[in-house]
Amino acid sequence: MSRIVVLGGAESGVGAAVLAKVKGFDVFLSDNGKIKDEYVKTLKEWDIPFEQGGHTSGLILNADEIIKSPGIPSTAPMVRQLVSQGTPVISEIEFASRYDSAKKICITGSNGKTTTTSVIYYLLQQAGLNVGLGGNIGKSYALQVATERHDYYVLEISSFQLDNCYSFRPDIAVITNITPDHLDRYDYKIENYTASKFRITQNLRPEDCFIFDSDDAITIEHLSKIVMKAKMLPFTQQGKVEQGAYLDNDKIVVKYEKSESEIFIEELALGGKHNIYNSMAAALAAKATGIDDAVIRSSLKTFQPIEHRLEPVLSIKDVLYINDSKATNVDAAWYALECQTRPVVWIVGGTDKGNDYSVLNELVKNKVKGIVCLGVDNAKIHAAFEDIVGEENMVDTRSADEAVKAAAGMARSGDVVLLSPCCASFDLFTCYEDRGDQFKEAVRRL
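Residues numbered from 1 in each chain as written. Predicted model: local features only at pLDDT ≥ 70, side-chain atom pairs only at ≥ 80, totals over all residues. Heavy atoms only, no water.

(A) Region of the structure containing the pairing of strand S6 (residues 103-108). Counting buried positions along S6 yields five of six residues, so the element is predominantly enclosed. Sheet topology places S6 next to strand S8 (residues 152-156); five bridges connect them, and they run parallel. Bridge assignment links Lys104 to a residue of S8, and that residue is Tyr153. Across four bridges, the pairing between S6 and strand S9 (residues 172-175) is parallel. If you follow Cys106 over to S9, its bridge partner there is Ala173. (Buried < 20%, exposed > 50% of the residue type's maximum accessible area, 1.4 Å probe, protein only. Helix = DSSP H or I, 4+ residues; strand = E, 2+ residues; numbered from the N terminus. Pairing = 2+ DSSP bridges.)

(B) Focus on the confidence of the model for the protein chain. On average, the protein chain scores 93 in pLDDT, and the residues at 70 or more come to 99%. The weakest mean pLDDT in the protein chain belongs to helix H13 (residues 330-338) at 86; the strongest belongs to S9 at 98. (pLDDT = per-residue confidence, 0-100.)

(C) Spotlight on the packing of aromatic side chains. Inspection of every chain in the model, using the stated rule, returns ten aromatic pairs. Ring geometry for Trp346 against Phe385: centres 5.4 Å apart, planes inclined by 65°, an arrangement best described as edge-to-face. One end of the pair, Trp346, is in strand S17 (residues 344-348); the other, Phe385, is in helix H15 (residues 379-389), with 39 residues separating them in the sequence. Taking relative accessible area as the criterion, Trp346 reaches 0% and is therefore assigned buried. Take Phe385: its relative accessible area is 0%, and that puts it in the buried class. Through a chain of ring-to-ring contacts, three or more aromatic side chains come together here, namely Phe25, Phe95 and Tyr99. (Phe/Tyr/Trp six-rings, centres within 6.5 Å; stacked < 30°, edge-to-face > 60°.)

(D) Structural view of the side chain of Thr114. Tracing the backbone through its elements, the reader meets Thr114 in helix H6 (residues 113-126). Beyond its immediate chain neighbours, meaning those up to four positions away, Thr114 contacts Ile137, Glu156, Ile306 and Lys326. (Contact = heavy atoms within 4.5 Å.)

(E) Local environment of the packing of helix H1 (residues 11-22) against helix H2 (residues 37-45). Between H1 and H2, whose axes approach to 10 Å, the crossing angle comes to 5°. By the angle between their axes, H1 is roughly parallel relative to H2. Of the residues in H2, those touching H1 at Glu11, Val14, Ala17 and Val18 are Tyr39, Thr42 and Leu43. Here the contact of H1 with H2 is built from residues that sort into five nonpolar, one polar and one charged. (Axes fitted to C-alpha atoms, helices over the stretch in contact; angles between N-to-C directions. Parallel < 35°, antiparallel > 145°, perpendicular 65-115°, else oblique. Nonpolar A, V, L, I, M, F, W, Y, C, P; charged D, E, K, R; others polar.)

(F) Examining the sheet that holds strand S5 (residues 89-90) more closely. In spatial order, the strands read S3-S2-S1-S4-S5; together these five strands make up an open sheet with parallel pairing. The sheet terminates laterally at strand S3 (50-52) and S5, the two strands that pair on one side only. Packing of helix H4 (residues 77-84) onto the sheet brings it into contact with strand S1 (3-7), strand S4 (65-68) and S5, and relative to S1 it is tilted by some 150°.

(G) Layout of the pairing of strand S13 (residues 251-256). Of all the six residues making up S13, six are buried; the element is thus mostly covered by neighbouring parts of the structure. Here S13 shows two buried faces, one formed by Lys251, Val253 and Lys255 and the other by Ile252, Val254 and Tyr256. Pairing of strand S12 (residues 244-248) with S13, which is carried by five bridges, proceeds in the antiparallel orientation. When the sheet's bridge partners are listed, Gly244 is paired in S13 with Lys255. Turn length for the S12-S13 hairpin, with the two strands adjacent in sequence and antiparallel, is two residues, and the turn residue Asn249 shows positive phi of about 60°. Sheet topology places S13 next to strand S14 (residues 259-264); six bridges connect them, and they run antiparallel. Among the inter-strand pairings, Lys251 is bridged to a residue of S14, identified as Phe264. Counting the residues between successive antiparallel strands, the hairpin from S13 to S14 contains two residues, one of them, Glu257, with a positive phi of roughly 55°.

(H) Layout of the sheet that holds strand S15 (residues 311-316). Across the sheet, which stays open at both edges, the six strands sit in the order S15-S16-S20-S17-S18-S19 with mixed pairing between neighbours. Only two strands of the sheet have a single partner each, and these edge strands are S15 and strand S19 (394-397). Here the strands of the sheet are splayed against their neighbours by 20° on average, with no regard to which way each runs. Sheet topology places S17 next to strand S20 (residues 416-419); four bridges connect them, and they run parallel. Note on S20: the bridge partner recorded for Trp346 is Leu418. Against the sheet, helix H17 (residues 432-444) touches S15, strand S16 (319-323), S17 and S20, its axis set at about 15° to S15.

(I) Expanded view of unusual backbone geometry. Unlike most non-glycine residues, Asn249 shows phi in positive territory, near 60°. Mapping Asn249 onto the fold places it in the loop between S12 and S13. We classify Asn249 as exposed; its relative accessible area is 70%. Phi at Glu257 is positive, roughly 55°, even though this residue is not glycine. Tracing the chain through its elements places Glu257 in the loop between S13 and S14.

(J) Structural detail: the packing of helix H16 (residues 400-410) against H17. Look at H16 against H17: their axes get within 8 Å of each other, and the N-to-C directions meet at 50°. Compared by their axis directions, H16 and H17 come out oblique. You can see that H16 and H17 cross each other, and the crossing is right-handed. Across the interface between the two elements, Ala400, Asp401 and Val404 from H16 touch Gln438, Phe439, Ala442 and Val443 from H17. Of the residues contributing to the contact of H16 with H17, the split by class is five nonpolar, one polar and one charged. (Left-handed = near helix turned anticlockwise from the far one by under 90°.)

(K) Structural view of H15. Turning to H15, its buried residues are Ile381, His382, Phe385 and Val389. Angularly, the buried residues of H15 cover 110° about the axis, an arc narrow enough to put them on a single face. Away from its buried face, by an angle of more than 90 degrees, H15 presents the exposed residues Ala379, Ala383 and Asp387. Packed against the buried residues of H15 are S17, helix H14 (361-367), strand S18 (368-374) and S19. Directly after H15, the chain includes Gly390, whose backbone phi takes a positive value near 95°. (Arc of directions from axis to C-beta.)

Right under this line is the structure:
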């Protein structure tokens, strides 16, 4: 019996451990930190041995294969030791795909991937297909493969998950865009990060589809350096394409094989320039899956915005509070600011990932009246924006409650308070969802 050790005891790792158990492996899970009670319960239910609060070398180094959770960097001492002794290290996505024959639509990118994934999942549901949602969103893909049966999966896949994928192959691969993000995990080199994202395409066949933003310079530059075997389906707001999707004045035109359809922008449930891109990518994925035009149009009209992404919370004294906690990089915050039509009190900050804030200068100058810094170290944000908004219009806070109260004090009737942090959440919160939830609770307490 082969021995599999799973490193990491959260959604991804526990799901992988359950699948390994179902498939008859000798499985052990190890987490260097504390495992949440819900995951401990699952491990005990499946009679999976585990440890937490540290790694025991003797129980790990004898593995035939390691499944590494995406949050663990390849530079972690235990991972380095495993690699040096030649033990294969793979991701949950790689492992689960070995036991899954369903059609897979897989989405990655720096921004818009969660929205695009959610819209595609909704489109397939509305078409009556038996579809699962997983990857970096929803339930663990591996757990679903172990305990459920789906004809289709829609998977949001991060660069961290792709780093340890080798034979994994989607039927439809989507890259929404590529902008500098997580560069601290990629030696601060955009080319390394880009190569990681493009791993989603490495095993595509001629009958598969690759959907991509042809307006994205980094994507196009990388495409010029590689050979793509799959059908190419670009989407663009800057011209027309023979196959793919493009913007024609007030409507999206979608062309796939011999079919052509139109969707008017005013009918889209999601507003903003960035969501036109997301809707194009989703429509193309749906067309390539064989979904009827009428279903695509009606679904794009009725889709509801996802939590923590430009999510309206409440309007208090004619001040609208928006939760965009999922905006963990500069480009995501750029989109959030760009689509605002009212004066903005901006809540920003957290764990910096090598951000270059200068691309936001013009938007901050034109739209932001005050900045509330929410983080342990806000020096870089002050340096970037003090000269634009004025030192007197910037304040430092250390909790969601403190930040919301400070923002409410700055805001006036007709303003927007926008939480769009630009940064990871791990200095003050457990994750971006925790940050968004605490923000919403603080707003409700005003």
